[in-house]
Amino acid sequence: DVTDAVLNEAINAGANLIISHHPLIFKPLKSIPPSKNVDRLLIKAIKNDMSIFAIHTNYDNIIGGVNRAFALSLGLKEPTFRILSPLTGRLAKLYTYVPPGHIDSVKNAIFSAGAGKIGLYDECGFQISGTGSFRPLPGSNPFIGKPAGPREEVNEIKLEVIFPVWQKNRVLKALFESHPYEEVAYEIITTENPNQEVGSGLIAEFESPLNPPVFLEKVSTALHQPFLRHSELVNVQIRKVALCGGSGSFLIPKAIENGADAFITADLKYHDFFEAEGKTLLVDAGHFETEIPAVEQLTNILQEKFPTFAVLKTKVNTNPVNYFRN
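Residues numbered from 1 in each chain as written. Predicted model: local features only at pLDDT ≥ 70, side-chain atom pairs only at ≥ 80, totals over all residues. Heavy atoms only, no water.

(A) Main features of the sheet that holds strand β6 (residues 152–164). Taking strand neighbours across the sheet as the criterion, the four strands line up as β5-β6-β4-β7 in an open arrangement whose pairing is antiparallel. Looking at the sheet topology across the chains shown, the edges are occupied by β5 (126–134) and β7 (186–191). With strand direction ignored, the average angle separating the axes of adjacent strands in the sheet is 25°. Each of β4 (91–98), β6 and β7 is contacted by helix α6 (residues 168–178), which is oriented at about 160° to β7, the strand it contacts most. (Pairing = 2+ DSSP bridges. Helix = DSSP H or I, 4+ residues; strand = E, 2+ residues; numbered from the N terminus. Axes fitted to C-alpha atoms, helices over the stretch in contact; angles between N-to-C directions. Contact = heavy atoms within 4.5 Å.)

(B) Seen up close, the environment of L42. Here L42 is to be found in helix α2 (residues 37–47). Separated by 35 residues in sequence, L42 and L7 have C-alpha atoms that sit 9.8 Å apart.

(C) Region of interest: the pattern of salt bridges. Taken as a whole and judged by the stated rule, the model has eleven salt bridges. Residue E160 pairs with K93 through a salt bridge whose shortest N-O separation is 3.1 Å. Here K93 lies in strand β4 and E160 lies in strand β6, a separation of 67 residues in the sequence. Under the relative-accessibility criterion, E160 is labelled buried at 14%. (Salt bridge = Lys/Arg side-chain N within 4 Å of Asp/Glu carboxyl O. Buried < 20%, exposed > 50% of the residue type's maximum accessible area, 1.4 Å probe, protein only.)

(D) Region of the structure containing α2. Within α2, burial applies to D39, L41, L42 and A45. The buried residues of α2 occupy one face: seen down the axis, they fall within an arc of 160°. Looking at the buried side of α2, the elements it contacts are α1 (4–12) and β2 (51–54). Once α2 finishes, D49 follows within two positions and takes phi at roughly 55°, a positive value. (Arc of directions from axis to C-beta.)

(E) Here's a closer look at the layout of surface pockets. Each pocket or cavity is described by its volume, and for the largest pocket that value is around 1400 Å³. Contributing to the lining of the largest pocket are 50 residues, with I18, I19, S20, V295 and T314 lying nearest its centre. Of all the secondary structure elements, the ones that give two or more residues to the lining of the largest pocket are α1, β1 (17–20), α9 (287–291) and α10 (293–305). Broken down by class, the residue content of the lining of the largest pocket amounts to 27 nonpolar, 13 polar and ten charged. (1 Å grid on protein atoms, 1.4 Å probe; cavity = no way out; pocket = protein on both sides within 12 Å on 5 of 7 lines; lining within 4 Å. Points joined across faces, edges and corners; volume = space filled by probe spheres on them. Nonpolar A, V, L, I, M, F, W, Y, C, P; charged D, E, K, R; others polar.)

(F) Structural detail: the packing of aromatic side chains. A complete count under the given rule lists seven aromatic pairs for this structure. With a centroid separation of 6.5 Å and an interplanar angle of 55°, the aromatic rings of F134 and Y181 are classed as tilted. Taken together, the positions of F134 in strand β5 and Y181 in the loop between α6 and β7 put the pair 47 residues apart, joining distant regions of the chain. (Phe/Tyr/Trp six-rings, centres within 6.5 Å; stacked < 30°, edge-to-face > 60°.)

(G) Layout of the packing of helix α4 (residues 66–73) against α10. Look at α4 against α10: their axes get within 8 Å of each other, and the N-to-C directions meet at 115°. As the angle between them shows, α4 and α10 are arranged roughly perpendicular. Seen along the crossing, α4 lies across α10 with a hand that is right-handed. Facing V66, R68, A69, F70 and S73 of α4, the residues of α10 in contact are P293, A294 and Q297. Partitioned by chemical class, the residues of the contact of α4 with α10 number five nonpolar, two polar and one charged. (Parallel < 35°, antiparallel > 145°, perpendicular 65-115°, else oblique. Left-handed = near helix turned anticlockwise from the far one by under 90°.)

(H) Helix α5 (residues 103–112), seen in detail. For α5, every residue scored as buried is listed here: I103, V106, K107, I110 and F111. The buried residues of α5 occupy an angular sector of 125° when the element is viewed end-on, so they sit on one face. Summarising the geometry of α5, the exposed residues directed more than 90 degrees from the buried face are D104 and S112. Those residues of α5 that are buried lie in contact with β4, β5, β6 and α6.

(I) View of the packing of α1 against α2. Contact pair α1 / α2: the axes reach a minimum separation of 10 Å and the direction vectors enclose 5°. The angle between α1 and α2 places the two elements in the roughly parallel class. Contacts between α1 and α2 involve D4, L7, N8 and I11 from the former and L41, K44 and A45 from the latter.

(J) Summary view of a nonpolar patch on the surface. Together, I25, L29, I32 and I46 make up an exposed nonpolar region whose accessible area comes to about 350 Å². As for its position among the elements, L29 is in the loop between β1 and α2. (Patch = residues over 30% accessible without salt bridge, like charges linked within 9 Å, V, L, I, M, F, W, Y side chains within 5 Å. Areas by Shrake-Rupley, 256 points an atom, 1.4 Å probe, with all protein chains shown as cover.)

Shown next as structure tokens:
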């Protein structure tokens, strides 16, 4: 979170930019009166030429984001990680037609641009041979045939690959630059296939199963959270774990559907615990506690990607929730 203490820390460090998980602005602002905390922070940031960049939902909804850091902190094994509730409508399929002698160069180009990745596999595609036809018109510069010449029929390979919709421009640029034709024939169709790398929550497995009390102790220790709220203990060993950093009660049905022995999240309401029905162990480990491992991960990513930048991890604990122990 961006708090007054974090803002002061950034100003004193001579920073130009604060990268946070939670945005400072959750609702549209029509004015910035200094009577409210958020507005005071905005005014202070503006006066000190401080930029604020929040990566909330997009950091939550990628397989390498908040939930990866959360899962690794618990000792879950990364090869088993998969999205608990994948999003649909985020993938598209490209169809194009390539002369046989250029198929490898075209495939290499679009694969390098991000096409053809499905789960733990990349360079995925399908091709089939056929006959294409065209007639070069006056003024054209055909790869085969002559301008204003007769209709040509040539052997071509139909290539099909899937890609994330946000990489459309990059994939098309690679296609056009690698394809020998003056006019490249292609089609793009949005699919309803779930994107296995984008969505809510995560499900993973321990190398060895744990009995429920040992599992809860592991969660408590890993997240530095001495107070765990949980449903009735299930009489099963905990091996498959679903999790969602922050508020994830909406994923309880998905956790049960995927056979999770336990589901760890935060901000569960009283009646949410009834949804466990002995099918899974619900654990509320705190909003801040389930998301804080992502700060270390994000710091490492930024230091790797921007080695010439001074990336500083905040030393401020921004958790607004405090606990009383009698």
